[in-house]
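Residues per chain, in single letters:
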Amino acid sequence: MSKIIKPLYDRVLVKRSESEQTSAGGIIIPDTAQEKTQAGAVIMVGEGKLLNDGTIRPLHVKKGDEILFGKYSGTEVKGNGEEYLILREDEILGVFEK
Amino acid sequence: MSKIIKPLYDRVLVKRSESEQTSAGGIIIPDTAQEKTQAGAVIMVGEGKLLNDGTIRPLHVKKGDEILFGKYSGTEVKGNGEEYLILREDEILGVFEK
Amino acid sequence: MSKIIKPLYDRVLVKRSESEQTSAGGIIIPDTAQEKTQAGAVIMVGEGKLLNDGTIRPLHVKKGDEILFGKYSGTEVKGNGEEYLILREDEILGVFEK
Amino acid sequence: MSKIIKPLYDRVLVKRSESEQTSAGGIIIPDTAQEKTQAGAVIMVGEGKLLNDGTIRPLHVKKGDEILFGKYSGTEVKGNGEEYLILREDEILGVFEK
Amino acid sequence: MSKIIKPLYDRVLVKRSESEQTSAGGIIIPDTAQEKTQAGAVIMVGEGKLLNDGTIRPLHVKKGDEILFGKYSGTEVKGNGEEYLILREDEILGVFEK
Amino acid sequence: MSKIIKPLYDRVLVKRSESEQTSAGGIIIPDTAQEKTQAGAVIMVGEGKLLNDGTIRPLHVKKGDEILFGKYSGTEVKGNGEEYLILREDEILGVFEK
Amino acid sequence: MSKIIKPLYDRVLVKRSESEQTSAGGIIIPDTAQEKTQAGAVIMVGEGKLLNDGTIRPLHVKKGDEILFGKYSGTEVKGNGEEYLILREDEILGVFEK
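Residues numbered from 1 in each chain as written. Chains lettered and ligands numbered in written order. Predicted model: local features only at pLDDT ≥ 70, side-chain atom pairs only at ≥ 80, totals over all residues. Heavy atoms only, no water.

*Asks:* An account of the pairing of strand β6 (residues 66-69) of chain D is requested, with residue identities and associated values reported.
*Replies:* Residues and elements named next belong to chain D. Of the strand pairs in this sheet, strand β3 (residues 39-45) and β6 are connected by 3 bridges, and their pairing is antiparallel. Counted as the bridge partner of Ala 39 is Leu 68 from β6. Summarising the sheet, β6 and strand β9 (residues 92-96) pair through 3 bridges and their orientation is antiparallel. Its bridge partner lying in β9, Leu 68 is registered against Gly 94. (Pairing = 2+ DSSP bridges. Helix = DSSP H or I, 4+ residues; strand = E, 2+ residues; numbered from the N terminus.)

Structural data, given as structure tokens:
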């Protein structure tokens, strides 16, 4: 059985999009042979951003959101033969509208 | 069908101006053969800047504004054969008056 | 017809002074053949500085002020065959008294 | 008899996971021959983060949590023939759900 | 007629001391052939430091103060054949007592 | 007679542990021939951390605490033929439990 | 007659200790032929640290205190054939107890 990561505070766990999917016509980064796509789906979110006064502000993005992020953002993690990424919400550029 | 990106927080989605348009006489950056123009139109804006106390302040720029920005500002994204840019509002130098 | 830029927040649009004018006896930067002058006139100002609490504080400088600024300050823009500069107000060293 | 370290403020003491354990199917970093794993168990936590106003905010992670952290995070310490790590809580990427 | 610069916010306009004057026995920087002195007189001061909450705090130094400042502080300006310097008040090390 | 240093604000005066002592089984840094140990005893503490609002917050560590700190932390001082270190409390990784 | 410097805000004027004095048995930096001592006496202090809210907090050190400071701290000044140093109070490591 696999273990799932619950991101801490303002971090989110993201599953990178496959190359096929990212060329589907949305406003997305070109998938050259060398570059990984910068789109993905949010798998799980942290409880919120820790503010200076010690309170927690819930994140804007939520599980299931398809997001766009910068090429060098976040930390890569791997599990069950798949690639994941852990990002701070502030590194997310935008959310694809449905 | 294309998917549209909703920028997060204080970010805006911008469509770069064509070279022809930027030489139209306004106060704009010279379009040398090597340099991309630094003017564009706002396509969509985030909900606002996240302040230190956790509240959101709506952005000053709005959809349809023609703006000027620094040469190395923002992150480029591409879709439907066109180029877009995602900027933080603080990277915008000014708005063309109509 | 030309388009005019309205600077955003605490930025100002400045018209650099001609070399002749800057040698007129005031406290100004020497105009060597290689260096651009660092004096100019304010053409238009932003609505004010965005403070941490989300409020706007109006700028101190105003349209028509002749100002002095650092040699590498701001971003150059060009239009109608003339050079302009967009500066943050904090980059302005002082205002010439009239 | 061994002495145990009580981490200060927002720091936590972590026991790195063995390589065998990290390949168990969870979302974890690949354990190449050269790289240390980035998963571990929390042994002891500090009393909390020192906020700007001088108050202490208790940490989110607790003793026994299995966590994920960045490859170059924290400071290594050694004792009783085993390796430990001292991290700030903000360096923790997430907590494995049980 | 000369134009005078009114420094902005927490900046001050300073007239560097002549070498003769700086060797007069006070606690001052040695005037080697290569180094400019770091002492001077305040010619004019800005209205005050802009605090985070948007209010202005008047400066401590005033017109006529003889001050000491760091070797690489401020921005040089020239006018009427004389050298001046524009400094932030925080760059001033101290004021000579009279 | 020797003079003792009272550390200022959030600093503490620390006596480095001897090599023999640090190999005593606690969770401590290995003492290679080249590396100094990173454990020590607190000799004297400052009155507390100066907060942004100008108040003082007493330190968590106290005289007599055995502490762990990073390899390049603090400033070395020497006296009476012995080595000491002055650290900010935030550089202390943890306190050995008794 | 000599002029004395009144340091601004949180700065202090310090007279470096002579080498003989620094070898007197207290906890002080070794005085190698190449290194200047890092101990000295406070000659004069500024009125206090300027806090974010615009108020002044009086300094902890006072005239006559013997202090210890880091090797590269502060700005050197010279006068009357003697060496002085201007430091921010936060650069002071500690005060010798009497």
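*Asks:* Outline the relation of the copies chain G and chain F, supporting the account with residue identities and numerical values.
*Replies:* To go from the first copy of the chain to the second, apply a rotation about an axis and then a shift along the same axis. Rotating chain G by 51 degrees and moving it 0.0 Å along the rotation axis overlays it on chain F with an RMSD of 0.0 Å. A low fraction, 4%, of the interface residues of chain G reappear at the interface in chain F, so the copies pair through non-equivalent surfaces. (Least-squares fit on C-alpha atoms with pLDDT ≥ 70 in both. Contact = heavy atoms within 4.5 Å.)

*Asks:* With reference to specific residues and values, describe the packing of aromatic side chains.
*Replies:* A complete count under the given rule lists 0 aromatic pairs over all chains for this structure. The ring centre of E:Tyr84 lies 5.9 Å from the NZ or CZ of E:Lys15, which sits over that ring. (Phe/Tyr/Trp six-rings, centres within 6.5 Å; stacked < 30°, edge-to-face > 60°. Lys NZ or Arg CZ within 6 Å of the ring centre and 35° of its normal.)

*Asks:* I'd love a proper account of the interface of chain G and chain F, names of residues and values included.
*Replies:* The interface of chain G with chain F comprises 24 residues on the first partner and 27 residues on the second. Carbon and sulfur atoms supply 58% of the area that chain G and chain F bury against each other, a total of about 2300 Å² over both sides. Here chain G and chain F share 1 salt bridge between them. The residue G:Asp90 makes a salt bridge to F:Arg88 at a minimum N-O spacing of 3.1 Å. Counting the contacts that link chain G with chain F gives 9 residue pairs in polar contact (both at pLDDT 80 or more). Secondary structure elements with two or more residues in the side of chain G that touches chain F: β6 (66-69) and β9 (92-96) of chain G. Of all the elements, β9(G) adds the most residues to the side of chain G that touches chain F, at 5 residues. In terms of residue class, the side of chain G that touches chain F is made up of 13 nonpolar, 5 polar and 6 charged. Pairing of strand β1 (residues 5-7) of chain F with β9(G), which is carried by 3 bridges, proceeds in the antiparallel orientation. (Buried area = accessible area lost by both parts, 1.4 Å probe. Salt bridge = Lys/Arg side-chain N within 4 Å of Asp/Glu carboxyl O. Polar contact = N/O pair within 3.5 Å; in protein donor to acceptor, adjacent residues only side chain to side chain. Nonpolar A, V, L, I, M, F, W, Y, C, P; charged D, E, K, R; others polar.)

*Asks:* Before we move on, can you summarise the sheet that holds strand β2 (residues 11-16) of chain G with the specific residues and values?
*Replies:* In spatial order, the strands read β1(F)-β9(G)-β6(G)-β3(G)-β2(G)-β8(G)-β7(G); together these 7 strands make up an open sheet with antiparallel pairing. Looking at strand neighbours, the two that pair on one side only are β1 of chain F together with β7 (75-79) of chain G, the edges of this open sheet. Adjacent strand axes in the sheet meet at a mean angle of 40 degrees, parallel and antiparallel pairs treated alike. (Axes fitted to C-alpha atoms, helices over the stretch in contact; angles between N-to-C directions.)

*Asks:* Could you give an account of unusual backbone geometry, with specific residues and numbers?
*Replies:* Residue and element names in this part refer to chain E. One non-glycine residue, Tyr 9, lies in the positive phi region at around 55 degrees. Along the chain, Tyr 9 turns up in the loop between β1 (5-7) and β2 (11-16). Since its relative accessible area comes to 6%, Tyr 9 is described here as buried. (Buried < 20%, exposed > 50% of the residue type's maximum accessible area, 1.4 Å probe, protein only.)

*Asks:* Please set out the interface of chain A and chain B residue by residue, giving values where relevant.
*Replies:* Opposite the 24 residues of chain A that make contact, chain B presents 27 residues. Both faces combined, the contact of chain A with chain B buries some 2300 Å², and carbon together with sulfur accounts for 59% of it. The tally of links between chain A and chain B comes to 1 salt bridge. One can count 9 residue pairs in polar contact (both at pLDDT 80 or more) joining chain A with chain B. Residue assignment for the side of chain A that touches chain B shows that the elements contributing at least two residues are β6 (66-69) and β9 (92-96) of chain A. The element best represented in the side of chain A that touches chain B is β9(A), accounting for 5 residues. Of the residues belonging to the side of chain A that touches chain B, the class tally is 13 nonpolar, 5 polar and 6 charged.

*Asks:* Please set out the side chain of B:Glu89 residue by residue, giving values where relevant.
*Replies:* Structurally, the position occupied by B:Glu89 is in the loop between β8 (82-88) and β9 (92-96). Despite its burial, B:Glu89 pairs with no opposite charge, the nearest such side chain being B:Arg57 at 5.6 Å. A distance of 2.5 Å separates the side chain of B:Glu89 from the backbone nitrogen of B:His60, its partner in a polar contact. Aside from chain neighbours lying at most four places away, what touches B:Glu89 is B:Asp10, B:Leu59, B:His60, B:Val61, C:Leu8 and C:Tyr9. (Lys, Arg positive; Asp, Glu negative; His and termini not counted.)

*Asks:* Can you break down the sheet that holds β8(B) residue by residue, with the values?
*Replies:* Within the open sheet, the 7 strands sit side by side as β7(B)-β8(B)-β2(B)-β3(B)-β6(B)-β9(B)-β1(C). Their pairing is antiparallel. Strands at the two margins of the open sheet, each flanked by one partner only, are β7 (75-79) of chain B together with β1 (5-7) of chain C. Averaged over all adjacent pairs, the angle separating strand axes in this sheet is 40 degrees, with direction ignored.

Read these as spatial facts, not as claims about activity.
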